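Residue strings, one per chain:
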Amino acid sequence: RMNIIVKVADDSHKIYAEEICNEIYLSSLERKTGIAKRSPEYIIEKMDAGKAVIALTDEGEFAGFSYIESWGEKKFVANSGLIVSHRFRGMGIAKRIKEQTFLLSRKLFPDAKIFSITTGAAVMKMNYQFGFRPVPFNELTDDPEFWKGCEGCRHFDILCSHDYKMCICTGLLYDPK
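Reading the values: the criteria
Residues numbered from 1 in each chain as written. Predicted model: local features only at pLDDT ≥ 70, side-chain atom pairs only at ≥ 80, totals over all residues. Heavy atoms only, no water. Helix = DSSP H or I, 4+ residues; strand = E, 2+ residues; numbered from the N terminus. Rg over C-alpha atoms; globule rule 2.2 N^0.38 Å. Buried < 20%, exposed > 50% of the residue type's maximum accessible area, 1.4 Å probe, protein only. Areas by Shrake-Rupley, 256 points an atom, 1.4 Å probe, with all protein chains shown as cover. Lys, Arg positive; Asp, Glu negative; His and termini not counted. Charge placed at Lys NZ, Arg CZ, Asp CG, Glu CD. Disulfide = S-S within 2.5 Å. Phe/Tyr/Trp six-rings, centres within 6.5 Å; stacked < 30°, edge-to-face > 60°. Lys NZ or Arg CZ within 6 Å of the ring centre and 35° of its normal. Salt bridge = Lys/Arg side-chain N within 4 Å of Asp/Glu carboxyl O. Polar contact = N/O pair within 3.5 Å; in protein donor to acceptor, adjacent residues only side chain to side chain. Contact = heavy atoms within 4.5 Å. Core = buried A, V, L, I, M, F, W, Y, C linked by side-chain atoms within 4.5 Å.

## Section: the overall build of the protein chain
- On a plain count of helices and strands, the protein chain comes out with six helices and seven strands.
- In sequence order, the protein chain lays out its α and β elements as β-α-α-β-β-β-α-β-α-β-α-α-β.
- Relative to the compact-globule value of 16 Å for 177 residues, the protein chain shows a C-alpha radius of gyration of 15 Å, a close match.
- A principal-axis box enclosing the C-alpha atoms of the protein chain has dimensions of 45 × 35 × 30 Å.
- Of all 177 residues assigned to the protein chain, the portion counted as buried reaches 47%.
- Of the roughly 9300 Å² that the protein chain leaves accessible, carbon and sulfur atoms contribute 52%.
- Looking at the protein chain, you have 25 positive and 24 negative side-chain charges, and the mean spots of the two groups are 6 Å apart.

As structure tokens, then:
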């Protein structure tokens, strides 16, 4: 059994940015879900800022990734982009990444509400285990910059047609209070 290391990503991990973007894109096509596209530059920005979590094998093979972003004057933090490389799925890595992303969010933004938007039952279940609860989109953030991130999603027209109040995804919120 191989050893998978899950840790906060840094500048040394930018070599994985393209692979991360490709994995996110392929997963969205396979699942026909609305994972928003991200650029390698965006992923690198998250790594440089200490706002990303990466999973690697002992040999340095990419296994998974997630990142965080703050919104609404740091009152809200989104846990986003959770992906596990095909080769490593079914090994519990997603939960380990999710846990580290959640802990990083709490460390960097201890008073912020943390949210996640997903179509995946497994992610919903993990979020629920960390204390997230389903909420309407209007409880997530009113920061228009957040919703711009949805523009790369295949379901963006649905979000727009519902005035950013609902979509295919489920919004989940963790309130530290």
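## Notes on the state of the cysteines
- Applying the stated criterion to the full structure yields zero disulfides.
- C160 forms no disulfide, and the closest cysteine sulfur to it belongs to C167, at a distance of 8.7 Å.

## Observations concerning the packing of aromatic side chains
- As enumerated under the stated definition, the model contains 14 aromatic pairs in all.
- Here F156 and Y164 contribute two aromatic rings whose centre-to-centre distance is 6.3 Å and whose plane-to-plane angle is 70 degrees, an arrangement assigned as edge-to-face.
- Owing to a relative accessible area of 17%, F156 belongs among the buried residues under this scheme.
- One aromatic cluster is present, built from ring pairs that chain together W71, F76, F115, F137, F146, W147, F156 and Y164.
- Here the basic side chain of R133 rests over the ring of Y128, its NZ or CZ set 3.7 Å away from the ring centre.

## Focus: the pattern of salt bridges
- Scanning all chains against the criterion turns up six salt bridges.
- Put simply, E23 and R89 hold a salt bridge, and the shortest N to O gap is 3.7 Å. Residue E23 is found in helix α1 (residues 17–31), and its partner R89 is found in the loop between β4 (76–84) and α3 (93–108); the two are separated by 66 residues along the sequence.

## What to know about the side chain of K98
- Looking at the secondary structure, you find K98 in helix α3.
- In this structure, K98 is buried with no salt-bridge partner, the nearest side chain bearing the opposite charge being E99 at 12 Å.
- Here N127 takes part through its side chain, which lies 2.7 Å from a polar atom of the side chain of K98.
- Here K98 is in contact with N79, L82, S116, M126, N127, F130 and F132, once residues within four sequence places are set aside.

## What about the nonpolar core?
- Within the largest apolar cluster, 20 residues are counted, with the highest numbers of intra-cluster contacts made by I4, A55, I93, I97 and F132.
- Elements with a minimum of two residues in this core: β1 (4–8), β2 (52–57), β3 (62–71), β4, α3 and β7 (170–174).
- Looking at this core, the element that brings in the most residues is α3, giving four residues.
- Non-local contacts of A55, meaning those with residues more than four positions away in its chain, are made with I4, I5, V6, E61, F62, A63, G64, I93 and I97.

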